[in-house]
Amino acid sequence: GQQLNQSPQSMFIQEGEDVSMNCTSSSIFNTWLWYKQEPGEGPVLLIALYKAGELTSNGRLTAQFGITRKDSFLNISASIPSDVGIYFCAGDQGAQKLVFGQGTRLTINP
Amino acid sequence: ETGVTQTPRHLVMGMTNKKSLKCEQHLGHNAMYWYKQSAKKPLELMFVYNFKEQTENNSVPSRFSPECPNSSHLFLHLHTLQPEDSALYLCASSQVRTNEKLFFGSGTQLSVL
């Protein structure tokens, strides 16, 4: 089946730093999504991208749908302690099937 | 509060036990899903229900038996599980027409001994 390669697998940063993570695929997706999962909770949708080249922001988060439709990135600016968690990219291959990346675990040192 | 409630939050069971996981959504959605989340692996889709009819079974072993009595409730019945079935089981819901926007519950952390 389709797979998403998400990197990095983990990040250790200082509070206030910017964060960048990305997802790549060998297949084309029509929709890219970014989710965040905090300990003991299910993933929560952060941003949904529907068009190639689309750049969308949600507060300090910015995500882009790659022109080739095979990749997406997520940036977090000026990180704060509550940004800690696991960030997942997901590609929508239709028929209600989302393909998820393995996640990027973000740790922030105060 | 995400609008999707799962019980129990934690479950420990032996391989010969029978248990059920419950999910209820309060969002007025018409599609419900079961996902499995194992350590260091991507989320795996297990089942999809649209308007309480099963539309997807992602080659899930028969020891997992889903039930969807209505659009708001979803169950996962467990029987003779294996230790490798230990994982976080997540329920999600969505509107069928915007099915990429999944709303997840907090999950049931299952340990099979």
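Our subject is the structure that appears above.
Just so you know, these numbers come straight off a predicted model, no measurement behind them.

Definitions and cut-offs
- Residues numbered from 1 in each chain as written.
- Chains lettered and ligands numbered in written order.
- Predicted model: local features only at pLDDT ≥ 70, side-chain atom pairs only at ≥ 80, totals over all residues.
- Heavy atoms only, no water.
- Contact = heavy atoms within 4.5 Å.
- Salt bridge = Lys/Arg side-chain N within 4 Å of Asp/Glu carboxyl O.
- Polar contact = N/O pair within 3.5 Å; in protein donor to acceptor, adjacent residues only side chain to side chain.
- Helix = DSSP H or I, 4+ residues; strand = E, 2+ residues; numbered from the N terminus.
- Nonpolar A, V, L, I, M, F, W, Y, C, P; charged D, E, K, R; others polar.

K.L.:
Describe in detail the interface of chain A and chain B, supporting the description with residues and values.
P.N.:
Listed per partner, the contact involves 19 residues of chain A and 21 residues of chain B. Between the two partners, chain A and chain B, sit one salt bridge. Glu56 of chain B is the salt-bridge partner of Lys97 of chain A, the closest N and O atoms lying 3.4 Å from each other. Summed over the shared surface of chain A and chain B, the number is six residue pairs in polar contact (both at pLDDT 80 or more). When contributions to the side of chain A that touches chain B are tallied by element, the ones reaching two or more residues are β4 (31–37), β5 (44–49), β9 (85–92) and β10 (98–100) of chain A. The element best represented in the side of chain A that touches chain B is β4 of chain A, accounting for four residues. Looking at the side of chain A that touches chain B residue by residue, the classes come out as nine nonpolar, seven polar and three charged.

K.L.:
Which residues make up the environment of Ser26 of chain A, and what values go with them?
P.N.:
As for its position among the elements, Ser26 of chain A is in the loop between β3 (19–25) and β4. Along the sequence, Ser26 of chain A and Thr107 of chain A sit 81 residues apart, while their C-alpha atoms lie 29 Å from each other.

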